[in-house]
Structures are given as C-alpha cells and as structure tokens.
Amino acid sequence: MIEKSWWTCATTTSLFVQKEIKMQIIDWDNLKAVACEVMEHAYMPYSGYPVGAAAIVDDGRIVSGCNVENAATGVGLCAECGMVSELIKGGGGRLLAFVAVNGNREVIVPCGRCRQLLFEHGGKTLKVMMPVGVMTMDQVLPFGFGPADLSEVEGAVSVETPYALQDHEGE
Ligand SMILES: [Zn+2]
C-alpha cells in the first residue's frame, strides 16, 4: 500500500516523483479525495448533478475541475474541461491517472466527449478509475482518434509534438 506521506514527499522532490510515477504508484485514495473536494464547487443549477474530476500529471502535479452548467444547455462544461484547462494553464504535461466522482462521491465514467479530451492529454496508457476498477484509456476509448492519426497525413503535426503540447508563441 501507499504510505500517506507519499504525496508530501512527491511535491518536494521532482526526481523522486518521476521515479515513483514510472513505477506506476498511484495514490488513488488521494486522487479521489481531490475530485470529491472540487465536486463541492460545481455549478449545476439546472441538473443538480455535481461532478468533480482530478488527474495526476507526469511531473507530479494534480489538476482538477468541476462541471459548470449554463442556461444554454449545450454550452455547459464537464468537469474534465476545467481540469484540462488547468493542465494547460500550468504548463501542460501528460495525464497519468484520472478519476471523476458524482455528488454521492461515487466514481463515475467520463462522457464520450471527455474520453476524447483525456485521450488527447493522457494517451492510450492513461489509467482511468472506472466504477468497475482501473482501466487504461485504450480500454475506455478503443480505437480512439488522436495525434498519431494526424501524423499519418503529410504536413500534419507529428506524434511527438501534438498540437496541445506545442509552443504556440508567435502564432
Ligand atoms: Zn464530459
């Protein structure tokens, strides 16, 4: 089992973080607790269905988000949208582990659109906590369309530098 002190150590020693992450040690209890906390901030006056999402980034950061609804139903934002925005705002990186919870603090599945968001920023190996247990992203979104598909076309971005990870200064 993971010691409670793991995250405290991880935030102070980045090399340790990277080593630990390579060993695939994920503190799921802590990650879910973060998702539950951010869920409390959800703006959901129309559905009454709060969602919190949290993920570990490959540099050890934890990013999170809650759903934000809108009077114009179609433009409501899933929790994953805010989470990915925080990821990019904080310097980007790859998602390693993800969990989302509902208002009962139960693990829920990401919606179809958000599976695409997660695939873009975590790839096939992203670990996703599902109600049935931990699955990889290529199980959650089989045959997903991603940066690798774009690289199949001459002149498009390469797999190594997907658009989301490129330096956009000067554009
Ligand atoms: Zn969604």
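Residues numbered from 1 in each chain as written. Predicted model: local features only at pLDDT ≥ 70, side-chain atom pairs only at ≥ 80, totals over all residues.

S.K.: Would you mind showing me how to read the overall build of the protein here?
M.R.: Each helix and strand in the protein was counted, giving seven helices and five strands. Along its sequence from the N terminus, the protein presents helices and strands in the succession α-α-α-β-β-α-β-α-β-β-α-α. Across the 171 residues that make up the protein, the buried fraction comes to 31%. Long-range contacts, defined here as pairs at least 24 residues apart, represent 50% of the contacts in the protein between residues at least 6 apart. (Helix = DSSP H or I, 4+ residues; strand = E, 2+ residues; numbered from the N terminus. Buried ≥ 20, exposed ≤ 12 C-beta atoms within 10 Å, placed from the backbone. Contact = placed C-beta atoms within 7 Å.)

S.K.: Help me understand the nonpolar core in this model?
M.R.: Soluble globular proteins: nonpolar side chains tend toward being buried together. In terms of nonpolar packing, the biggest core is built from 38 residues, with Ala-35, Val-51, Ala-54, Ala-55, Phe-98 and Leu-118 touching the most fellow members. Elements supplying a minimum of two residues to this core: helix 3 (28-39), strand 1 (52-57), strand 2 (62-66), helix 4 (79-89), strand 3 (95-101), helix 5 (112-122), strand 4 (127-130) and helix 6 (137-140). Examining the composition of this core, we find that seven residues originate from one element, strand 3, more than from any other. Apart from residues lying up to four places away in sequence, Leu-118 is in contact with Glu-80, Leu-95, Phe-98, Pro-110, Leu-126, Val-128 and Met-137. (Core = buried A, V, L, I, M, F, W, Y, C linked by C-beta atoms within 7 Å.)

S.K.: Can you walk me through unusual backbone geometry in this structure?
M.R.: Only a minority of non-glycine residues have a phi that is not negative, and only a minority of peptide bonds are not trans. One non-glycine residue, Arg-105, lies in the positive phi region at around 65°. With respect to the helices and strands, Arg-105 occurs in the loop between strand 3 and helix 5. Of the residues examined, Arg-105 has 13 C-beta atoms within 10 Å and is grouped as partly exposed. One non-glycine residue, Phe-143, lies in positive phi territory at about 55°. Relative to the elements of secondary structure, Phe-143 occurs in the loop between helix 6 and helix 7 (147-150). Take Phe-143: there are 5 C-beta atoms within 10 Å of it, and that puts it in the exposed class.

S.K.: Is there a simple way to explain the sheet that holds strand 2 in this structure?
M.R.: In any sheet, the strands associate via hydrogen bonds between backbone groups, in a parallel or an antiparallel arrangement. One open sheet accounts for five strands, arranged 2-1-3-4-5; its pairing is mixed. Across the chains shown, the open sheet's two edge strands, defined by having one partner strand only, are strand 2 and strand 5 (133-136). If you compare each strand with its neighbour and ignore which way they point, the axes differ by 20° on average. Bridge analysis of strand 4 against strand 5 gives four bridges, and the strand direction is antiparallel. Opposite Met-130, over in strand 5, you have Gly-133 as the bridge partner. Where helix 3 meets the sheet, its contacts fall on strand 1, strand 2, strand 3 and strand 4, and the angle it forms with strand 1 comes to roughly 140°. Here helix 5 sits on the sheet in contact with strand 3 and strand 4, set at roughly 160° to strand 3. (Pairing = 2+ DSSP bridges. Axes fitted to C-alpha atoms, helices over the stretch in contact; angles between N-to-C directions.)

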